Amino acid sequence: MSNRRNVIIGAISISFAATMWGLDGVVLTPRLYNLDVGLVVFILHALPFLVMHSFLFKEYSHLKTFTRKDYLVIILIALFGGAIGTLSIVKALFLINFKELSVVVLLQKLQPVFAILLAAILLKERVNKYFMIWASIALIGGYFLTFGFEKPDFSTGSKTAVSALFALLAAFSFGSSTVFSKMILQKYTFKTATFYRYGFTSLIMLIYILIAGNSIAYDRITPTNWLIFFIIAITTGSGAIFLYYYGLNHVKATLAVMCELFFPISTIIFDYAFNGSRLSAVQWVSAGLMVFAIVNLNRSAQGIEKTSS
């Protein structure tokens, strides 16, 4: 019972983190549109990393004990989940001015495909038929939640194709990061994983900015931008990542990526609450279907509690 309770709490933690990311995408990140994408991603990781030093400074002791494999996995987490994934999704949203989320959200739904494939290959996780049934229902619900009975709209202009490619790259990157994160959490705490994810991502993004020839133009950052950065740093940024890694420490990677579907759900709900975008009856039914499927993923003891040998 204790193990099952931990799995449920872990799934709830990941779902809440994904909901916070939905709030970020609708309310917070759009207010950084005046800044360079690389600079935004750098500050979104460097600022929380500096804050972490006040209570996670002892994590530096792991630098002496990390194996080469540990360093490789942490760098891959930072590279895919921190740098490439965040750069790609922010760039995709900036390209379409946050007005047409259809392509981005559609391709983000491919994230479970990449994560489940990698989890089977790298973590040897087995997926039974009940898990696949509820996962499929969740994905179908997610599709109709986003598009209803209409076909996806690819007519947002010449930037649509480029935006779609960035969104696809983000889906692959975040899905890969989920599996790599699961690997590091088998040896270290979620605090250690979060600390080094942000630290290495900050370093990677600093190198990216310097190589790209873009100066760190702090003079372009407005007081409102700084306020948004600080809010993200302690809530939807590092705060959500802490919750995410805590949850990931208790559930399989395959369940984690399904819980992350709360991101598109919350995105549409927050878009309605803050921007007045109304949901159709089909979208409301689809949202309920997705939540129902995710809840049943938690209840499927065989699908979420059995571990591979």
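Structural notes, computed from the coordinates. Computed from a prediction, not measured in an experiment: that's the story for all the values here. (Residues numbered from 1 in each chain as written. Predicted model: local features only at pLDDT ≥ 70, side-chain atom pairs only at ≥ 80, totals over all residues. Heavy atoms only, no water.)

### Some details on the overall build of the chain
Within the chain, the regular secondary structure consists of 13 helices and zero strands. Counted from the first residue to the last, the chain has its helices and strands arranged as α-α-α-α-α-α-α-α-α-α-α-α-α. If you take every contact in the chain between residues at least 6 apart in sequence, the share linking residues at least 24 apart comes to 91%. About 14700 Å² of surface is accessible on the chain, with carbon and sulfur atoms providing 67% of the total. (Helix = DSSP H or I, 4+ residues; strand = E, 2+ residues; numbered from the N terminus. Contact = heavy atoms within 4.5 Å. Areas by Shrake-Rupley, 256 points an atom, 1.4 Å probe, with all protein chains shown as cover.)

### Here's the deal with helix 2 (residues 37-56)
In this model, helix 2 (20 residues) spans 28 Å end to end at C-alpha, consistent with the 28 Å of a helix rising 1.5 Å per residue. Most of helix 2 sits out of view: 15 of its 20 residues are buried. For helix 2, the N-terminal cap is D36; the gap from its side-chain oxygen to the backbone nitrogen of G38 is 3.0 Å. (Expected span 1.5 Å × (residues − 1). Buried < 20%, exposed > 50% of the residue type's maximum accessible area, 1.4 Å probe, protein only. Polar contact = N/O pair within 3.5 Å; in protein donor to acceptor, adjacent residues only side chain to side chain.)

### Remarks on a nonpolar patch on the surface
Judged by side-chain polarity, L203, I207 and I211 come together as a nonpolar surface patch covering roughly 310 Å² of accessible area. Note that I211 resides in helix 8 (residues 190-212). The exposure class of I211 is exposed, given its relative accessible area of 70%. (Patch = residues over 30% accessible without salt bridge, like charges linked within 9 Å, V, L, I, M, F, W, Y side chains within 5 Å. Salt bridge = Lys/Arg side-chain N within 4 Å of Asp/Glu carboxyl O.)

### A look at the packing of helix 2 against helix 9 (residues 223-248)
Here helix 2 crosses helix 9 at 65°, and the two axes come no closer than 9 Å. Overall, the two elements helix 2 and helix 9 adopt an arrangement that is roughly perpendicular. As helix 2 runs across helix 9, the sense of the crossing is right-handed. Each of V40, I43, L44, L47, P48, M52, F55 and L56 in helix 2 lies in contact with helix 9, whose residues at this interface are W226, F229, F230, I232, A233, S238 and F242. (Axes fitted to C-alpha atoms, helices over the stretch in contact; angles between N-to-C directions. Parallel < 35°, antiparallel > 145°, perpendicular 65-115°, else oblique. Left-handed = near helix turned anticlockwise from the far one by under 90°.)

### Section: the nonpolar core
Of all hydrophobic cores here, the largest spans 51 residues; its most connected members are I14, I184, L185, Y245, L248, L255 and M258. Excluding anything up to four places from it in sequence, Y245 contacts I77, S181, L185, F190, A193, T194 and R197. Counting 30 residues, the second-largest nonpolar core is a separate cluster that includes V26, V27, L44 and V90. (Core = buried A, V, L, I, M, F, W, Y, C linked by side-chain atoms within 4.5 Å.)

### Looking at the packing of aromatic side chains
Summed over all chains, the structure comprises 19 aromatic pairs. With a centroid separation of 5.0 Å and 45° between ring planes, the pair formed by F49 and F195 is classed as tilted. Taken together, the positions of F49 in helix 2 and F195 in helix 8 put the pair 146 residues apart, joining distant regions of the chain. A relative accessible area of 0% places F195 in the buried class. When the centroid spacing of 5.0 Å and the interplanar angle of 75° are considered together, the rings of F66 and Y196 count as edge-to-face. With F66 in the loop between helix 2 and helix 3 (68-95) and Y196 in helix 8, this residue pair connects regions lying 130 residues apart in the sequence. One exposure class covers both F66 and Y196, and it is buried. Through pairs of rings, three or more aromatic residues link up here, namely F49, F57, Y60, F66, Y71, Y188, F195, Y196 and F200. (Phe/Tyr/Trp six-rings, centres within 6.5 Å; stacked < 30°, edge-to-face > 60°.)

### Here we look at helix 9
An α-helical turn contains 3.6 residues, so any two residues separated by three or four positions project in the same direction. Between its first and last C-alpha, helix 9 extends 35 Å over 26 residues, near the 38 Å set by a 1.5 Å rise per residue. The largest bend in helix 9 comes to about 55°, at A233. (Bend = angle between axes of the 7 residues up to and from the residue.)

### Some words on the environment of G81
Examined against the element boundaries, G81 turns out to sit in helix 3. On a C-alpha basis, the gap between G81 and A170 in space is 8.4 Å, while along the polypeptide they are 89 residues apart. Setting aside residues up to four positions removed in sequence, G81 forms contacts with L76, T86, S173, F174, S177 and R197.

### Description of the packing of helix 8 against helix 9
Taken N-terminus to C-terminus, the directions of helix 8 and helix 9 make an angle of 140°; their axes are 9 Å apart at the nearest point. The pairing of helix 8 with helix 9 is recorded here as oblique in orientation. Between helix 8 and helix 9 lies a crossing of right-handed hand. Taken together, the residues of helix 9 that come into contact with helix 8 (itself represented by F190, K191, A193, T194, R197 and Y198) are G237, S238, I241, F242, Y245 and Y246. Across the contact of helix 8 with helix 9, the residue classes tally to seven nonpolar, three polar and two charged. (Nonpolar A, V, L, I, M, F, W, Y, C, P; charged D, E, K, R; others polar.)

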